[in-house]
Amino acid sequence: MTHPAHLQTGHPDLTKIDSAWAAWNEAWTRQLEVLTDQRGLRVVVAPGAGGGAPACFYPDYRRVEIDAVHVADNPGVTDPSKARHKAIVATGYGLLVHEAAHAAHSLWRTPEDTPPVVAEVAGQLEEARAEYRQRGRRRGDRRWIRHTVTTLLLPDTARVDDLWHAGQLAALLLARVDARILTSKDVRSIRAAVTAVAGRKRLRRLRELWRQALECADRDAATMIQIAWQWCYALDIDPARRPDVPQPDLGVFAGRLAAALIEYLAAALGITPAELVDSQIVTRHAAPATWTRREPTEVEAEAARRLAARLRQARTQHREAAVVPAPVPPGRLRTRQAITADAQTAAGMIPTAQRWQRRTTVPPRKPTLHLAVLVDVSLSMRKYQKPLSTAGWILAHGARRNEAVTTTIAFGDTATLLVAPRQRPAQVLDMQVGGGTTAFCEAVKLADQLLDLRKRHTVRMVAVVSDGDLPDKPAAQKLITTLHRAGCAVLWLRPKGITGHTFADTTTIHVADPVQAVDEICTAAVTALAHA
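Worth saying up front: this structure is predicted, and the values here are computed from it rather than measured. (Residues numbered from 1 in each chain as written. Predicted model: local features only at pLDDT ≥ 70, side-chain atom pairs only at ≥ 80, totals over all residues. Heavy atoms only, no water.)

Engineer: Would you explain the sheet that holds strand β14 (residues 507-511) in this entry?
Structural biologist: Backbone-to-backbone hydrogen bonds join strands into a sheet, with any given pair of strands oriented parallel or antiparallel. Pairing is mixed across the open sheet formed by six strands, whose spatial order is β10-β9-β8-β12-β13-β14. Two strands lie at the open edges of the sheet, namely β10 (415-419) and β14, each paired on one side alone. Across the sheet, the axes of successive neighbouring strands diverge by a mean angle of 20°, strand direction being ignored. Two strands pair when backbone bridges link them, and strand β9 (residues 404-411) and β10 are joined in this way by four bridges, in the antiparallel orientation. The residue of β10 that forms the bridge with Thr-408 is Val-419. (Pairing = 2+ DSSP bridges. Helix = DSSP H or I, 4+ residues; strand = E, 2+ residues; numbered from the N terminus. Axes fitted to C-alpha atoms, helices over the stretch in contact; angles between N-to-C directions.)

Written out as structure tokens, the structure is:
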């Protein structure tokens with residue numbers, strides 16, 4: 001999805017005015033007149049402005065709002081009355097240019113009887129059309145508009161691989177190529193993913209439609225709405241029967257569209273896709289400020305050591321004969337390595353080549369265990385709160401030196417990452433209960449994103465501690481079944497005495513207390529490694 005609509009028809013929040021940004025308001029109001037060739041427009045820059053989006057335009061009030069978060073950390077970063085400030089706050093100024101394009105060219109209004117899905121499509125196509133018109137009047141504005149594309153797109157615009165989301169990326173990114181804002185190279189991965197989901201024939205049809213939209217006049221609402229209707233038909237959507245905007249299936253994992261969008265956004269920001277994903281996870285799934293950290297007790301540290309020993313034993317039960325390199329005899333001399341070691345010594349280096357090889361017994365090589373622990377933090381699971389907080393810390397420490405990767409995720413109204421993969425937290429993060437269980441599907445998808453649970457290259461397991469009372473059970477079951485068919489074991493620990501739901505494709509165990517739940521998780525991890 002994109003941010004909330006930034007062509008606002010309601011009333012602006014007049015409290016979103018900050019005197020610290022008054023100089024920016026005055027300077028950018030003057031600049032907006034230059035960008036639009038119009039008078040009577042006003043710009044408001046303030047923290048929280050923008051109507052829930054990075055920026056927005058209120059046509060009825062002739063008012064542009066820009067969230068100061070996307071401009072600078074403080075208003076004193078530069079002088080907005082000087083031309084050089086544009087490069088310093090390129091994203092913020094790009095938002096100003098983008099909203100100027102709407103102020104100058106988004107002059108048509110959606111008829112009141114338009115189905116919501118048609119209005120949504122028309123709004124998506126209007127983004128590229130307004131920028132295309134702005135670039136036609138002021139070619140130099142393209143430089144600044146490019147900075148806003150990544151800001152106006154949310155990473156979950158393509159949550160699942162279906163026609164609707166493929167159409168969204170086509171309207172919001174591919175259309176901007178013909179609008180001469182982006183280049184074909186910029187959206188190469190997006191085009192490949194959209195083609196894979198929608199097909200070449202359908203994509204050609206969508207391109208015909210967005211090119212027609214780019215040529216629409218600024219006040220031609222009838223043509224824009226007609227194009228939006230045809231766009232819906234091209235995506236196999238009949239607005240007369242399905243007037244609402246399609247919603248993503250929560251029971252489906254993200255696919256090629258999401259991966260392509262991450263790649264595009266990362267390239268635009270000058271970072272790697274992995275770095276972008278990590279930053280998103282930190283931003284969206286960080287622990288609330290009310291959750292406290294404490295030093296682990298000696299009992300907890302001893303439990304981590306015992307788990308490490310059990311995992312180590314599980315990896316070394318049956319030793320096998322093997323030939324290994326050695327720096328000193330006894331053994332068989334390896335001529336090539338001996339020559340290399342002599343050359344390294346002659347060059348003044350510390351020899352790294354090992355001259356000898358010997359026969360010995362070593363533990364069999366086993367795949368890495370990927371274990372995700374999902375913990376229900378709704379009110380019904382109150383007594384499991386602290387023991388499972390401890391379990392996350394114990395698992396992270398016990399797995400670190402045993403080729404195992406664990407993560408612990410709490411799910412309630414939101415999904416919270418307690419322990420990230422390959423981390424060894426110094427302190428225990430105590431969870432706090434409250435709310436419902438609406439974020440279970442989000443937690444499963446986060447675990448899959450962190451540990452590649454659907455890929456068969458390693459041993460994978462998900463342990464869920466919950467009564468199973470979830471609001472969207474069909475979606476949860478679809479995710480569980482997908483993991484099961486991919487070879488990922490799902491262990492479900494249900495507290496005794498609490499009514500709930502038992503899911504198919506899981507190994508369900510009723511536990512009497514939190515201590516048993518922690519023991520079951522540790523035992524399952526050891527067993528998975530022993531039988532790998």
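Engineer: Is there a simple way to explain the packing of helix α15 (residues 440-451) against helix α16 (residues 473-485) in this structure?
Structural biologist: To characterise two packed helices, one gives the angle between the axes of the helices and the distance between these axes. At their nearest, the axes of α15 and α16 sit 9 Å apart, and the two run at 20° to each other. By the criterion of interaxial angle, the relationship of α15 to α16 is roughly parallel. The handedness of the crossing between α15 and α16 comes out as left-handed. Contacts between α15 and α16 pair Phe-440, Cys-441, Val-444 and Lys-445 from the former with Ala-475, Ala-476, Leu-479, Ile-480 and Leu-483 from the latter. For the contact of α15 with α16, the class distribution of residues is eight nonpolar, no polar and one charged. (Parallel < 35°, antiparallel > 145°, perpendicular 65-115°, else oblique. Left-handed = near helix turned anticlockwise from the far one by under 90°. Contact = heavy atoms within 4.5 Å. Nonpolar A, V, L, I, M, F, W, Y, C, P; charged D, E, K, R; others polar.)

Engineer: Is there a simple way to explain the side chain of His-370 in this structure?
Structural biologist: Secondary-structure assignment places His-370 in strand β8 (residues 369-376). With a relative accessible area of 8%, His-370 lands in the buried category. Polar side-chain contacts of His-370 include one of 2.8 Å to the backbone oxygen of Leu-451. The residues contacting His-370, other than those within four sequence positions of it, are Val-405, Arg-422, Leu-451, Leu-453, His-457, Thr-458, Val-459, Arg-460 and Met-461. (Buried < 20%, exposed > 50% of the residue type's maximum accessible area, 1.4 Å probe, protein only. Polar contact = N/O pair within 3.5 Å; in protein donor to acceptor, adjacent residues only side chain to side chain.)

Engineer: Mind showing me how you'd approach helix α17 (residues 514-530) here?
Structural biologist: Note on helix geometry: an α-helix contains 3.6 residues per turn, so any two residues three or four positions apart are oriented the same way. The end-to-end C-alpha distance of α17 is 25 Å, a good match for the 24 Å that 17 residues give at a rise of 1.5 Å each. Restricting attention to buried positions, one finds in α17 the residues Pro-514, Ala-517, Val-518, Ile-521, Cys-522, Ala-524, Ala-525, Val-526 and Leu-529. (Expected span 1.5 Å × (residues − 1).)

Engineer: Mind showing me how you'd approach the packing of aromatic side chains here?
Structural biologist: Centre-to-centre distance and the angle between the planes together describe a pair of aromatic rings. Taken as a whole and assessed by the stated rule, the structure comprises eight aromatic pairs. Measuring from ring centre to ring centre gives 5.7 Å for Trp-21 and Trp-24, while their planes differ by 55°; the resulting arrangement is tilted. For the residue pair Trp-21 and Trp-24, the accessibility class agrees, reading buried in each case. Ring centres of Trp-24 and Trp-28 lie 5.3 Å apart, and the angle between their planes is 85°; on these two criteria the pair is classed as edge-to-face. With Trp-24 and Trp-28 both in helix α1 (residues 22-36) and four residues apart, this pair spans about one turn of that helix. (Phe/Tyr/Trp six-rings, centres within 6.5 Å; stacked < 30°, edge-to-face > 60°.)

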